[in-house]
Amino acid sequence: MEFTQIRYEKRGPVAWITMDRPAKRNAQSVPMTYELNEAFDLAAQDHDVSVVVLAASGPHFSAGHDIADPHRYEDPGHSVSTWADWAAPGAEGRNAREHEIYFDMCKRWRNFSKPTIAAVQGKCIGGGLMLAWSCDLIMAAEDAVFLDPVVNLGIAGVEWFAHPWELGPRRAKELLMTAESWDARLAESVGMVNHVVPVDELHARTQQLAERIASKPQFAVKMVKQSVNAATDAQGQPAAMMTAYAFHQLGHSHNMELHGLPLDPSGIAASTGKAPAAG
Ligand code: ZN
């Protein structure tokens, strides 16, 4: 597959998957989502790859979902889940689309067999959090700023609702209810990121950490990941996230009833001055 939205390269035993839409602040379009997934598959099948890094070109990690993409509702015709028929009317099509490209895609990456590290600089907003949180470890540059602002748009949180585990329940409530951003130091203090490093050292330090993990017996490393993920699974994370996803869809439907749009237009107008296209 020819990649146009991302770059894929190997540095020793580490595969670097780099989102490469800096002019769009790496907003997550549908084509980018599928290219990311193809790249993860490539790394999974490559015996020489032990660790995967998810990085971003330009000053920002990701501005979130690309709601300006004019093709965002066109079903790409291939599915990692069985949720197809994005053009179905009412909530059905939207649920199918968001199940496939957001919820199930993040779940697939979170359960990826090899260890993954996100390298985050600049803004990491909304759907950008979902990409970073799907990874096992997160390295943050000192300038990293995190934000899930979707309460402004009449929605409880992004589709992959890992906030209580990433931030702790009380912080999660405050940051979601106020739609306030948090910096790399706060993210480190609550355990959301592993290390905070100078911006110009982010990629070198991430490679160092990846090589350190790659030097260990790989099956044991994979079983560490499975064991820790099993702990959050045993806490009920999958069921809680599925419930939150359903509330997310309820929010879109509520906005459709009130505003004829899946997002509350007052929040979008306040933050961007533009009318919303979709959710
Ligand atoms: Zn949504």
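Provided above is the structure to which this section pertains.
Described below are features of the structure shown in this document. For clarity, every value in this text was computed on a predicted model and none was experimentally measured.

### Describing the pattern of salt bridges
Point 1. For the structure on display, the rule yields 10 salt bridges.
Point 2. For D66, the salt bridge identified is with R21, shortest N-O distance 3.1 Å. Here R21 lies in the loop between strand 2 (14–19) and helix 1 (30–45) and D66 lies in the loop between strand 3 (51–56) and helix 2 (91–110), a separation of 45 residues in the sequence.
Point 3. Here D66 falls in the buried class, since its relative accessible area comes to 9%.

### Section: the environment of D85
Point 1. Considering the arrangement of structural elements, one finds D85 in the loop between strand 3 and helix 2.
Point 2. The exposure class of D85 is partly exposed, given its relative accessible area of 46%.
Point 3. Measuring from C-alpha to C-alpha, the distance between D85 and E74 comes to 9.4 Å, with 11 residues separating the pair along the chain.

### Overview of the pairing of strand 3
Within a regular strand, side chains alternate between the sheet's two faces.
Point 1. Most of strand 3 sits out of view: six of its six residues are buried.
Point 2. Alternating positions in strand 3 separate into two faces, V51, V53 and A55 on one and V52, L54 and A56 on the other, with burial throughout.
Point 3. One crossover worth recording links strand 2 to the parallel strand 3 by way of helix 1, and it is right-handed.
Point 4. As paired elements, strand 3 and strand 4 (residues 116–120) share three bridges and run parallel to each other.

### A closer look at unusual backbone geometry
Point 1. Even without being glycine, R25 reaches a positive phi, approximately 50°.
Point 2. R25 gets classed as partly exposed once you look at its relative accessible area, which sits at 43%.
Point 3. Of note in this structure, A179 is not a glycine but carries a positive phi near 55°.
Point 4. Note on placement: A179 falls in the loop between helix 5 (169–178) and strand 8 (182–183).

What counts and how
- Residues numbered from 1 in each chain as written.
- Predicted model: local features only at pLDDT ≥ 70, side-chain atom pairs only at ≥ 80, totals over all residues.
- Heavy atoms only, no water.
- Salt bridge = Lys/Arg side-chain N within 4 Å of Asp/Glu carboxyl O.
- Helix = DSSP H or I, 4+ residues; strand = E, 2+ residues; numbered from the N terminus.
- Buried < 20%, exposed > 50% of the residue type's maximum accessible area, 1.4 Å probe, protein only.
- Right-handed = clockwise from strand over helix to strand, strands pointing away.
- Pairing = 2+ DSSP bridges.

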